[in-house]
Amino acid sequence: LDAPLYADLAGDAEVSFEFFPPKSEKMEATLWESIQTLAPLGPRFVSVTYGAGGSTRERTHATVARIQRETPLAAAAHLTCVEATKAEIDAVAEQYWASGVRHIVALRGDPPREGARFEPHPGGYENAAALVEGLKKRHPFEVSVAAYPECHPDSLSDQADIDNLKAKIDAGATRAITQFFFAPEAFFRFRDRAAAAGIAAELVPGILPVSNVAQTRKFAGMCGAAIPPWMDRLFEGLDDHPAARQLVAATVAAEMCRKLYAGGVRSFHFYTLNRAELSFAICHLLGLRANAGVSVAAA
Ligand code: FAD
């Protein structure tokens, strides 16, 4: 693709940031510093993940509620169907509504045991589409869902995966955020297939700035994303050069965003892993500038 130079990007991209709930005071401080750094970029929303089997239920809730209460940001809470009855999930959703949270990222989730097949809880929501329907019945939440440019590993075919995404949109979701990927062409093909299936909702690419290839390979193996061979070559020999590794990581992710931008993408969702610098640098290259008037109090 004939992508524009960074200097020519108009600054018209919109971004959102994903965090995970911290496990310790130290991690909480890191998260809060990251929020302070990223908030002035004016994200549309920031979201907080939900651990397998609801293992982070309280911590996710506390983090989302704090962001909503103490910052000017719109917070979105991830919620999954795993190992919980409908009544339990509905109660979590009610708590969010009562805390002023209006955006849920509705997911099926994965079984807590790695490699096991997903079995719906008896009396639970059977998949993400059913969860979206359940949430929309209770309150007019804004609902985002997950999508898979390289197909979900449980899916019987690419078409079945698109049909499942359509079911989630038809149930009331207004946006799909994708699993991470490293080939812009995979996103464009997926976008074409979604359009052909009549999906008009916004498709937002999920961007994972990679600085640790081994860790990314582990995630990717679980979710069906492909790590291209050039990724290993690019990071080869950088184990003892953390600063150079960060520069390479920012370059790789920024190049992908630039190609996506050239293909018409204007919204990007960053998997920050609770660290601000890479996402901040990539947003900067995309033309975003921090608004000094936006500040978040220290942790
Ligand atoms: P669904 O959309 O329900 O479906 C998953 C797959 O199963 C699809 O391929 C679909 O075709 C198939 N399927 C669904 N229903 C049926 C059916 N009735 N019959 C046959 N096949 C069916 N996980 C967490 O635990 N916590 C998080 O916070 C979290 N956040 C995420 C955020 C994003 C942006 C993304 C992309 C993923 C996230 N995940 C999270 C991972 C997600 O939970 C897993 O990928 C999970 O395996 C699928 O969830 P889903 O919502 O896509 O499922």
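These numbers were taken from a predicted model, which means no experiment stands behind them.

Asks: Help me out: how do you make sense of the overall build of the chain in this one?
Replies: Looking only at helices and strands, the chain has 10 helices and eight strands in total. Relative to the compact-globule value of 19 Å for 299 residues, the chain shows a C-alpha radius of gyration of 19 Å, a close match. Burial statistics for the chain: of 299 residues in total, 51% are counted as buried. Contacts in the chain between residues far apart in sequence, at least 24 positions, make up 79% of those at least 6 positions apart. On the chain, roughly 14,000 Å² of surface is accessible, and the fraction owed to carbon and sulfur atoms is 52%. Computed over 30 positive and 35 negative side-chain charges, the separation of the two mean positions in the chain equals 2 Å.

Asks: Just to check I follow, could you spell out helix 4 (residues 128–138) for this structure?
Replies: Each α-helix winds once per 3.6 residues, and so residues spaced three or four apart point in a common direction. Every buried residue of helix 4 is accounted for by A128, A129, A130, L131, V132, G134 and L135. Measuring from the backbone nitrogen of A129 back to the side-chain oxygen at the start of helix 4 gives 3.3 Å, which picks out N127 as the cap.

Asks: So what exactly am I meant to see when it comes to the sheet that holds strand 1 (residues 14–19) here?
Replies: Where strands meet in a sheet, backbone hydrogen bonds hold them as pairs that are either parallel or antiparallel. One closed barrel holds the eight strands; their spatial order is 1-2-3-4-5-6-7-8, and the pairing between them is parallel. The sheet shows a mean angle of 30 degrees between the axes of neighbouring strands, direction not considered. Examined bridge by bridge, strand 2 (residues 46–48) and strand 3 (residues 75–80) share three bridges and lie parallel to one another. Counterpart to S47 in the pairing with strand 3 is A76.

Asks: Please explain the state of the cysteines as it appears in this structure.
Replies: Between two cysteines, a covalent bond joining their sulfur atoms is known as a disulfide. Applying the stated rule across the entire model yields zero disulfides. C81 takes part in no disulfide bond, and the closest cysteine sulfur to it belongs to C223, at a distance of 18 Å. A relative accessible area of 0% means that C81 is categorised as buried. No disulfide involves C257; its sulfur sits 7.8 Å from the nearest other cysteine sulfur, which is in C283. The exposure class assigned to C257 is buried, which follows from its relative accessible area of 0%.

Asks: Mind showing me how you'd approach the site of the ligand here?
Replies: Of all residues adjacent to the ligand, which total 23 residues, the nearest are Y50, D110, Y148, H152 and K168. Take D110: an N or O atom from its side chain is 2.5 Å from an oxygen atom of the ligand. About the coverage of the ligand: the protein hides 81% of its 970 Å² of free accessible area. The set of elements that each furnish at least two residues to the shell around the ligand consists of strand 3, helix 5 (158–170) and strand 6 (175–180).

Asks: Please clarify how the layout of surface pockets should be interpreted in this entry.
Replies: To find leftover empty space, a probe the size of one water molecule is rolled over the atoms. Here the second largest pocket defines a volume of roughly 170 Å³. Lining of the second largest pocket is provided by V82, E83, P111, P112, R113, A116, R117, F118, E119, P120 and H121. Class assignment of the residues belonging to the lining of the second largest pocket gives a composition of six nonpolar, one polar and four charged.

Asks: What's the story with the environment of I177 in this structure? I'm lost.
Replies: If you trace the backbone, I177 turns up in strand 6. In this structure the C-alpha to C-alpha distance between I177 and G263, which are 86 residues apart in sequence, comes to 17 Å. Aside from chain neighbours lying at most four places away, what touches I177 is F45, S144, V145, A146, A147, V204, H269 and Y271.

Asks: For this particular structure, what's the right way to read empty space enclosed by the protein?
Replies: Tallying each qualifying case throughout the model produces two cavities of 30 Å³ or more. The calculated volume of the largest cavity comes to roughly 50 Å³. In terms of lining residues, the largest cavity is bounded by F181, F182, I207, L208, P209, V210, M231, A249, V252, A253 and M256. At four residues, helix 9 (residues 242–262) tops the list of elements feeding residues into the lining of the largest cavity. Taken together, the residues of the lining of the largest cavity sort by class into 11 nonpolar, no polar and no charged. Roughly 40 Å³ of volume is contained in the second largest cavity. Lining the second largest cavity we find Y148, P149, E150, C151, Q179, F180, C223, G224 and A225.

About the thresholds
Residues numbered from 1 in each chain as written. Predicted model: local features only at pLDDT ≥ 70, side-chain atom pairs only at ≥ 80, totals over all residues. Heavy atoms only, no water. Helix = DSSP H or I, 4+ residues; strand = E, 2+ residues; numbered from the N terminus. Rg over C-alpha atoms; globule rule 2.2 N^0.38 Å. Buried < 20%, exposed > 50% of the residue type's maximum accessible area, 1.4 Å probe, protein only. Contact = heavy atoms within 4.5 Å. Areas by Shrake-Rupley, 256 points an atom, 1.4 Å probe, with all protein chains shown as cover. Lys, Arg positive; Asp, Glu negative; His and termini not counted. Charge placed at Lys NZ, Arg CZ, Asp CG, Glu CD. Polar contact = N/O pair within 3.5 Å; in protein donor to acceptor, adjacent residues only side chain to side chain. Pairing = 2+ DSSP bridges. Axes fitted to C-alpha atoms, helices over the stretch in contact; angles between N-to-C directions. Disulfide = S-S within 2.5 Å. Near = heavy atom within 4 Å. 1 Å grid on protein atoms, 1.4 Å probe; cavity = no way out; pocket = protein on both sides within 12 Å on 5 of 7 lines; lining within 4 Å. Points joined across faces, edges and corners; volume = space filled by probe spheres on them. Nonpolar A, V, L, I, M, F, W, Y, C, P; charged D, E, K, R; others polar.

Everything listed here is a matter of geometry and, on its own, says nothing about what the molecule does.
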